[in-house]
Amino acid sequence: MARLPYIEAIIKETMRRHPVAVMLAPHLAMEHCNVGGYDICKGTRVFINTWSMGRDPSVWDSPEDFRPERFLGKANIDVKGQNFELLPFGSGRRMCPGYSLGLKMIQSSLANMLHGFNWKLPENMKPQDLSMDEVYGLATIRKFPLVAITEPRLPLHLY
Ligand code: HEM
């Protein structure tokens, strides 16, 4: 995967715009603390809204644009809980313990799907017609299923 930086950038950009968990699991402040100038009292239940963070114009340039290139050459912005502007797996002791497996599965599936097939939208449909609306829930899913046409791009004996 280290040699497929654009695939990695697509996944980061997707997780910024469409995080699987819009709201991270509730966390409880064990002690009084101050985060970014905000006092958080002991016992406060804290909700992290990754959806809003990914669309914050004070953090992201043109946040509504889907632009994987924003992550190229910026290896310092990662999804592993150290860059607080992008927390699709949470952060700290309660962050997702399956993040490495999850990332590898998404990266290899996407790379294989793009390597093995040409993808296009159904006839007459333009990319801008594609609804990217979501349904809020424990995990965020598309409001309207994606319909795409695939055709093999490799010799048939390889499938
Ligand atoms: C792309 C795939 C995945 C995403 C986006 C994801 C996302 C998350 C998020 C956002 C949390 C909450 C973190 C927090 O509140 O700080 C979480 C927790 C958790 N995830 Fe994942 N996850 C993924 C895959 C997996 C996989 C593959 C496993 C197991 C094999 C897994 C197991 C868990 C467990 C056990 C927790 C609870 C951790 C705790 O509360 O201490 N996840 N995940």
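Now for a description of the structure that goes with this document. No experiment lies behind these values; they were computed from the predicted model shown.

What counts as what
Residues numbered from 1 in each chain as written. Predicted model: local features only at pLDDT ≥ 70, side-chain atom pairs only at ≥ 80, totals over all residues. Heavy atoms only, no water. Buried < 20%, exposed > 50% of the residue type's maximum accessible area, 1.4 Å probe, protein only. Helix = DSSP H or I, 4+ residues; strand = E, 2+ residues; numbered from the N terminus. Polar contact = N/O pair within 3.5 Å; in protein donor to acceptor, adjacent residues only side chain to side chain. Contact = heavy atoms within 4.5 Å. Patch = residues over 30% accessible without salt bridge, like charges linked within 9 Å, V, L, I, M, F, W, Y side chains within 5 Å. Areas by Shrake-Rupley, 256 points an atom, 1.4 Å probe, with all protein chains shown as cover. Salt bridge = Lys/Arg side-chain N within 4 Å of Asp/Glu carboxyl O. 1 Å grid on protein atoms, 1.4 Å probe; cavity = no way out; pocket = protein on both sides within 12 Å on 5 of 7 lines; lining within 4 Å. Points joined across faces, edges and corners; volume = space filled by probe spheres on them. Nonpolar A, V, L, I, M, F, W, Y, C, P; charged D, E, K, R; others polar.

1. Here we look at unusual backbone geometry
Moving on, step 1. You will see that Ser62, though not glycine, has its phi angle at about 40°, which is positive.
Moving on, step 2. Looking at Ser62, the relative accessible area reads 33%, which means it is partly exposed.
Moving on, step 3. Positive phi, normally seen in glycine, also occurs at Asn124, with a value near 70°.
Moving on, step 4. Looking at where Asn124 falls in the secondary structure, it is placed in the loop between strand S5 (117-120) and strand S6 (134-135).

2. Comments concerning the side chain of Asn83
Moving on, step 1. If you trace the backbone, Asn83 turns up in the loop between helix H2 (50-54) and helix H3 (99-116).
Moving on, step 2. Residue classification places Asn83 among the buried residues on the basis of a relative accessible area of 16%.
Moving on, step 3. Here Asp78 takes part through its backbone nitrogen, which lies 2.7 Å from a polar atom of the side chain of Asn83.
Moving on, step 4. When residues no more than four places from it in sequence are discounted, the contact partners of Asn83 are Asn76, Ile77 and Asp78.

3. With respect to a nonpolar patch on the surface
Moving on, step 1. On the surface, a nonpolar cluster with roughly 350 Å² of combined accessible area is contributed by Met23, Phe47 and Tyr136.
Moving on, step 2. By secondary structure assignment, the location of Tyr136 is in the loop between S6 and strand S7 (141-142).

4. A short note on empty space enclosed by the protein
Moving on, step 1. Scanning the model with the defined rule gives one cavity of 30 Å³ or more in all.
Moving on, step 2. Size it by volume and the largest cavity reaches roughly 40 Å³.
Moving on, step 3. What lines the largest cavity is simply Met15, Arg16, Thr50, Met53, Gly54, Glu85, Leu86, Leu87 and Pro88.
Moving on, step 4. Contributing elements (two or more residues each) for the lining of the largest cavity: helix H1 (5-17) and H2.
Moving on, step 5. For the lining of the largest cavity, the per-class residue count stands at five nonpolar, two polar and two charged.

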